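# Coordinate analysis (summary)
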Amino acid sequence: MDEGMLKRAGDIANNFVLDARPSTIEPFGRGRINDTFLVTTERGEQFVLQKVNPIFAPRVLFDIHALTQAMKRSGFTTTELVPTKNGELGVVRDG
């Protein structure tokens, strides 16, 4: 993965409500559809940042949010979307 992609991921990570500023961003796994990064903050908390392939419309985040919240209410352990600083479920860049 090139340095430009990691820089863009870092810029995007700064839009989310995290416990502290991101200190490291690194590739996390190898996906065929999405690019995934591990974000570690200055306080050591870790979050997964995912660039969703443009074949998915931004509204897919509403589906993910609804599904994970329903799973949580049913007692399942699940991931949760971290909101952006302006309360959105994700960041849309370049369409």
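In what follows, the structure referred to is the one given above.
All figures in this text were calculated on a predicted structure; none of them were measured in a lab. (Residues numbered from 1 in each chain as written. Predicted model: local features only at pLDDT ≥ 70, side-chain atom pairs only at ≥ 80, totals over all residues. Heavy atoms only, no water.)

## Focus on the overall build of the chain
A tally of regular secondary structure across the chain gives two helices and three strands. Listed by position from the N terminus, the elements making up the chain come as α-β-β-β-α. Relative to the 2.2 N^0.38 estimate, which gives 12 Å for 95 residues, the radius of gyration of the chain is 14 Å and therefore close to what a compact globule would have. Counting only C-alpha atoms, the chain reaches 40 × 35 × 30 Å along its principal axes. By sequence separation, contacts in the chain at least 24 residues apart represent 35% of the contacts at least 6 residues apart. About 7,100 Å² of surface is accessible on the chain, with carbon and sulfur atoms providing 52% of the total. The centroid of the 12 positive side-chain charges in the chain is displaced by 3 Å from the centroid of its 12 negative side-chain charges. (Helix = DSSP H or I, 4+ residues; strand = E, 2+ residues; numbered from the N terminus. Rg over C-alpha atoms; globule rule 2.2 N^0.38 Å. Contact = heavy atoms within 4.5 Å. Areas by Shrake-Rupley, 256 points an atom, 1.4 Å probe, with all protein chains shown as cover. Lys, Arg positive; Asp, Glu negative; His and termini not counted. Charge placed at Lys NZ, Arg CZ, Asp CG, Glu CD.)

## Structural notes on the pattern of salt bridges
Enumeration over the complete set of coordinates arrives at four salt bridges. Note that Asp11 and Lys7 form a salt bridge whose closest N and O atoms lie 3.2 Å from each other. Residue Asp11 and its partner Lys7 are located together in helix α1 (residues 3-13), separated by four residues, close to a single helical turn. When its relative accessible area of 36% is taken as the criterion, Asp11 is described as partly exposed. For Lys7, a relative accessible area of 53% gives the class exposed. A salt bridge links Arg21 to Glu42, with the shortest nitrogen-to-oxygen separation between them at 3.4 Å. Of this pair, Arg21 sits in the loop between α1 and β1 (22-27) while Glu42 sits in the loop between β2 (35-41) and β3 (46-51), placing them 21 residues apart in sequence. By the burial criterion, Arg21 is exposed, and Glu42 matches it. (Salt bridge = Lys/Arg side-chain N within 4 Å of Asp/Glu carboxyl O. Buried < 20%, exposed > 50% of the residue type's maximum accessible area, 1.4 Å probe, protein only.)

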